[in-house]
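As a plain string of letters, each chain reads:
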Amino acid sequence: MNEIQLYDATLRDGMQGEGMSLSAEEKLRIAHRLDELGIDLIEAGFPASNPKEQELFGLLANERFAHAQITAFGMTHRRGVQATADPALAQLAECVAPVCTLVGKTWTLHLEKIVKVDRDENLVMIDSSIAFLRAAGKRVVYDAEHFFDGYRAEPEYALRCIRAAAEAGAETVTLCDTNGSSLPAQIAQATAAAIAALGTDVRVGIHCHNDAECGVANTLAAVEVGARQVQGTINGCGERTGNANLVSIIANLQLKMGFQCLAPEQLARLTETAHFVDELLNVAADPNQPYVGRNAFAHKGGMHVAGVSADASTFEHIDPALVGNQRELLVSELAGRASVSEKAAALGIALDEPTTRRVLERIKELEHRGYQFEAADGSLELLLRRETGGYEPLFTLESWRVIVEQLADGEARTEATIKIWIGGERRVHTAEGNGPVNALDAALRAAIGEVHPHLADIELINFKVRILDENKGTGAVTRVLLDSSDGSEVWGSIGVSENVVAASWEALVDSLERGMLAGPPA
Ligand SMILES: [Zn+2]
C-alpha cells in the first residue's frame, strides 16, 4: 500500500469555519471540480442532518463522477442504543454514498467529561457501529477523534480503540488531531505506534487541524512514517484556524516527496481549483498562500528579477506552471527595466527601447505621487497598453458628482451622477448606494453595462484605503486599492488623490477597464 488516498473534507469539516456557507448546488459544483482535480474521496456531509444536506444527497443520487467517491459522515451510535436501532446510523446505511466515515471517541478525558461513556462501552460502540455499516454493504473510514491527545494521555487505550475499528472491518483508520494541538515529532511517533499496532491490513489516515500552524507539516510527518490517506480541506478552510490545507499537502507530496497523487495535468489545475472554492465561499483568495497565491512566485527587486529571467530555479522553489500558477514580476522603484520588459512580454505587449524608457519614467513619476503597482497589476497593464498605443478606453468622462446626505435620524443617503461619452453618445446616469464608491460603481455600471454586458460578471472583492503622509493631516494623499474578479481571474487596480472619492473613482475605472480587456470568462 504505497499509494496516497486523497480525502477532501471541505464540504463537511471545512464548513464549520466562521461565515462558511454553500448551497447544495454550490457543493455539487465543488465536488465536480474536486473530481476533475483527482481527489479520491469527497466527504459530502451528514446524509440527513438538515434539509440542505438532504437536498445535497438527493442531488448526488443522480450524479456521476469520473474518479472520486462520495463519503457520508456520521458518528458511532448513541450510548444505550443498539446500532441497529440508531436512526442516524440507519440513514448512513441507506444513503447513496458507497463509503461512510464514522467518527468516534479515543480520548479518555472525553469519555469521562463529555459523553460519560465507560471505556469498554466505547469499544463496543466502535465495533458494533462499524459492523452494522459493513453488514449494510458500506466501506468504512473510521475517524479516531482526538487520537493524538488520547495517545499522549493513555497510549494503550487509544490503540485499543483503533484496533477495535480495524477488527470490525474499517478499511481505513484515520488518526485525528482534532484540537490541532500536536507538533510534527509527536504526530510521527504516535502514527508509527498506530501503524505498528494495526499491522498492514488496514490503511492508516491522518486528519489534522491547524491550531499550532502545523496542519500541513503534521500531515506530511504522518505520511513519512506510513500514513496513506490524507484528509484536508481546500485552502485549509475550517473551524477556528482551519484544517490542514489539502492544496499545499498535495503539492508537497507530489513535488517534494515523490508520491504520484495526481496526473501532471491535474496538478496543473491546483491553483484554479483553490481559487474556485474561494470564489464560491465568497472569500478573497489569500495572495500569500503557498503554491497558489498571487504572490507565491512574485519577484521584486532588480537582482531577483534578473535572476529568474536567467534561470528561474535561482529564486523559485518549484516551476509555478506545475501547480497552474504563474510568475509575477513586481514593478517598483527598485526594479529596473528587466522587470518592465518581462511584465510586458508576459502580457504579449512588445516594448521597444524608447517606450521602455518612457514607461519607466512614468512609473517613477507615479510612484513619487503615491502610486504603487505591486498590488495593482490591472492598473499596470492598462498603463503599459496606454503607453504603447492601440488602447481604446471604455468611455470618455465629462463629469461625475456625489451627494452624501446625513439625515437627523442618523440615516445617510448617497447618490451619484455621472456624465460620460461612449462612441459619440452622451450618457447621464444617476444611482444610489450605501456610500460614494458604491453609488459611483452603480451609476457607471448602469451607463456602460448596456453596451458591455460582460461588466455584470465583474465583482469588486476588496477595497483598501490608505492615507499616505499622515503628518500633512487632511491634505494627505489617499491611496485606494481595489481587487476585482470575474470569477476566474483576480486583478488589482489603484487610484491616488487628495480626495478619497476621486482616488476610488480612478481605481474603479481601472478595475472595470482591465476586466473588460479579458472578455467574458470561458
Ligand atoms: Zn476535523
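Residues numbered from 1 in each chain as written. Predicted model: local features only at pLDDT ≥ 70, side-chain atom pairs only at ≥ 80, totals over all residues. Heavy atoms only, no water.

A. Just the overall build of the protein chain, in detail. In terms of helices and strands, the protein chain carries 18 helices and 16 strands. Expressed as lengths along the three principal axes of its C-alpha atoms, the size of the protein chain is roughly 80 × 60 × 50 Å. Here the protein chain holds 522 residues, and 51% of them are scored as buried. A separation threshold of at least 6 residues defines the contact pool for the protein chain, and within that pool the share at least 24 residues apart is 67%. When the accessible area of the protein chain is evaluated, it comes to approximately 22,900 Å², of which 50% is carbon and sulfur surface. Here the protein chain carries 46 positive and 74 negative side-chain charges, and the mean point of each set is 1 Å from the other. (Helix = DSSP H or I, 4+ residues; strand = E, 2+ residues; numbered from the N terminus. Buried < 20%, exposed > 50% of the residue type's maximum accessible area, 1.4 Å probe, protein only. Contact = heavy atoms within 4.5 Å. Areas by Shrake-Rupley, 256 points an atom, 1.4 Å probe, with all protein chains shown as cover. Lys, Arg positive; Asp, Glu negative; His and termini not counted. Charge placed at Lys NZ, Arg CZ, Asp CG, Glu CD.)

B. Expanded view of the sheet that holds strand β16 (residues 490–497). Taken in spatial order, the three strands of this open sheet run β14-β15-β16, and their pairing is antiparallel. Each edge of the open sheet carries a strand with a single partner, namely β14 (459–468) and β16. Averaged over all pairs of adjacent strands, the angle between strand axes in this sheet comes to 15°, irrespective of strand direction. (Pairing = 2+ DSSP bridges. Axes fitted to C-alpha atoms, helices over the stretch in contact; angles between N-to-C directions.)

C. Quick look at the packing of helix α1 (residues 24–37) against helix α2 (residues 51–60). One can describe the packing of α1 onto α2 by two numbers: an axis separation of 9 Å at closest approach and a directional angle of 45°. Considering the angle they form, α1 stands oblique to α2. For the element pair α1 and α2, the recorded crossing hand is right-handed. Judged by residue contacts, A24, E25, K27 and L28 of α1 engage K52, E53, E55, L56, L59 and L60 from α2. Here the contact of α1 with α2 is composed, by residue class, of five nonpolar, no polar and five charged. (Parallel < 35°, antiparallel > 145°, perpendicular 65-115°, else oblique. Left-handed = near helix turned anticlockwise from the far one by under 90°. Nonpolar A, V, L, I, M, F, W, Y, C, P; charged D, E, K, R; others polar.)

D. Quick look at helix α3 (residues 87–94). Taken together, the buried positions of α3 are occupied by L89, L92 and A93. All buried residues of α3 project into a common sector of 100° when viewed along the axis, lining one side. Capping the start of α3, D86 holds a side-chain oxygen 3.0 Å from the backbone nitrogen of A88, two or three residues further along. (Arc of directions from axis to C-beta. Polar contact = N/O pair within 3.5 Å; in protein donor to acceptor, adjacent residues only side chain to side chain.)

E. Structural view of the coordination of the zinc ion. Note on the zinc ion: its protein donors are D13 (OD), H207 (NE2) and H209 (NE2). The metal-donor distances range over 2.0 to 2.1 Å. Look at D13 and you get buried, because its relative accessible area is 5%. Since its relative accessible area comes to 5%, H207 is described here as buried. (Donors = N, O, S within 2.8 Å, 3.2 Å for Na, K, Ca; no water.)

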